[in-house]
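# Coordinate inspection notes
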Amino acid sequence: MTRPNILADGNPLFCDLYHLTMAQAWFNDGKANDIKTSECFFRKCPFKGSYLLAAGLAEFSEWLENWHISDKDVSYLQSLKNADGSSRFNDEFLQFIKDQPLQISIDAVEEGEIVFPHEPVYSITGPTWQVEVVEAALLNIFNSQSLIATKASRIVQAAGIDGVNRPVLEFGVRRGQELGGFTATRACYIGGMTGTSNVAAAQYYDIPVSGTMAHSFIMSYEDETDAYKAYLKASAGNTTLLVDTYETRQGIKNAIKASEETDIPLQGIRIDSGDLAFWSKEARKILDDAGFTDTKIIGSNDLDEYSIAKLVEQKAPYDIFAAGTKAVTAYDNPALGGVFKTKQYAGRPVIKVAEGKTTIPGKTNVVRVIKDGKYAGDIIQSADRNIVADGKLTIDVKSHILGSNGSQILHFSNGEEAYTLLRPLMRNGKFVKTVEKDLKVLQVKAKNNLQKLDDKHKDFTNPQTYQVGIENSVYTLQQNLIKLHQGR
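Here we summarise the structure given alongside this text.

Helices and strands together make up the secondary structure of the protein chain, namely 17 helices and 23 strands. In terms of overall dimensions, the protein chain has C-alpha extents of about 80 × 60 × 40 Å along its principal axes. The 488 residues of the protein chain split such that 53% are buried. Of all intrachain contacts in the protein chain linking residues separated by at least 6 positions in sequence, the fraction that spans at least 24 positions is 73%. Charged side chains of the protein chain number 54 positive and 60 negative; the gap between the two group centres comes to 5 Å.

Dropping the structure here:
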């Protein structure tokens, strides 16, 4: 059996088994076409930070566009048996779902937007069974790509923490956990990395491909200088040499020697081990003394935002950084934990009441207020109420800051600059908006949005929490439903 291309095939079985068993139960009980709204959100920012960079919408949209339950899918579901040998799915249910078009409506936060805990990033309304059956694909794509895009944005931030623009390359395909590493490369690029060593992903997404050389090439020659000369001759125009195979100082000198003897300019050297701060300073001195002042120094070796920030603070003279393992695996926070919860059923707001996991009832959206070019606070409000027109609030707004038990209030005034985060994507199974797929455009958008987030929210060690509030009427509804369900 050929491994499917999940997105291009629109494979409807990109779901958990319980999505289908619940769908059958709803069908048997006459509830499959009841209308519900479920929303995707996350509860905690990754990496001990205070923001998330949203990513994955174009990939999710591609899957939705191609979604189709085929004869082949039905045949597979017919083959599934329970422990007692009976069919797991009955024929009536399978005929019901076969060839059914999607009938859901979706509002979504665009890729490259900055989002915060408990805010909806997707709101999906439609027949109960269809809303549920798209959950796994949505969460799989949103959780992984947003997590890695956020990690990449932090690494890129660290590389320029002193105000100097240093490119960061993604070198993670050999350490990635996804076959082919495509989506990790995609997310890293949205997060601000300027190129990738992953040739297949670079070709597929039309993003710059970058790379140097491996120790194995040098070790295939008896003499290091001969290895460098061979590489320079074969790669004129792409001449970055790895200098730490045997002894870094001598490796730098041999790289210079090879360049001089071949008369091929040495564009860069890469240091991949040892004390990266010390060796970068030594390298810069050796290169400059030899007249190689234009030769750039690239640093690698399991780098992340913390190690890069430390190197920058130590004034290590790196021109470029390359991050791999810790970027593409979101090494220190390997799962985001985004969830998908029912918010409205048959036109009635519903709530989950649980310690630390109580939801915000009803179909919601988010309004973001901007002051002096910076994000000033977000308001989670009813999606049925529009309080923004021509880029400004149309009323005074009172909201209760999340985590304050209602005691802390956000006040925003009529006329303040604002916009709505969730935008219409699909109505009754038809796309109503063209989704941006150009990663260069998405990268610029993410960069611009990150610049609107105050630096106090981007600190690596002690970021200040961004203020998100629940609009007063929604907060009142939430508290009343909690009392109702708890019998108070």
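A separate point is the packing of aromatic side chains. One pass over the structure, following the stated rule, counts 18 aromatic pairs. Plain terms: the ring middles of Tyr306 and Phe460 are 6.1 Å apart, the flat faces sit at 70° to each other, and that makes the pair edge-to-face. With Tyr306 in helix α14 (residues 305-313) and Phe460 in the loop between α16 (439-452) and β23 (468-471), this residue pair connects regions lying 154 residues apart in the sequence. Using a relative accessible area of 33% as the deciding quantity, one classes Tyr306 as partly exposed. Phe460 sits in the buried class, given a relative accessible area of 11%. Connected via pairs of aromatic rings, a cluster forms that spans Phe27, Trp67, Phe89, Phe93, Phe96 and Trp129.

The next subject is the sheet that holds strand β19 (residues 409-412). In spatial order, the strands read β19-β18-β23-β15-β14-β20; together these 6 strands make up an open sheet with mixed pairing. The sheet terminates laterally at β19 and β20 (418-420), the two strands that pair on one side only. Each adjacent strand pair in this sheet contributes to an overall mean axis angle of 30°, direction not counted. Here 3 bridges tie strand β15 (residues 374-382) to β23, and the two strands are oriented parallel to one another. If you follow Ile380 over to β23, its bridge partner there is Ile470.

Overall, the coordinates contain 29 salt bridges when judged by the stated rule. The partner of Arg368 in a salt bridge is Glu119, and the shortest N-O contact between them spans 4.0 Å. Of the two residues, Arg368 sits in strand β14 (residues 364-371) while Glu119 sits in the loop between β4 (114-115) and β5 (122-127), which places them 249 residues apart along the sequence. The class of Arg368 is buried, set by a relative accessible area of 0%. The network of salt bridges with common partners includes Glu110, Arg423, Lys433 and Lys445.

What counts, and where the lines are drawn
Residues numbered from 1 in each chain as written. Predicted model: local features only at pLDDT ≥ 70, side-chain atom pairs only at ≥ 80, totals over all residues. Heavy atoms only, no water. Helix = DSSP H or I, 4+ residues; strand = E, 2+ residues; numbered from the N terminus. Buried < 20%, exposed > 50% of the residue type's maximum accessible area, 1.4 Å probe, protein only. Contact = heavy atoms within 4.5 Å. Lys, Arg positive; Asp, Glu negative; His and termini not counted. Charge placed at Lys NZ, Arg CZ, Asp CG, Glu CD. Phe/Tyr/Trp six-rings, centres within 6.5 Å; stacked < 30°, edge-to-face > 60°. Pairing = 2+ DSSP bridges. Axes fitted to C-alpha atoms, helices over the stretch in contact; angles between N-to-C directions. Salt bridge = Lys/Arg side-chain N within 4 Å of Asp/Glu carboxyl O.

So, to be careful, I would describe these as geometric facts and stop short of saying anything about function.
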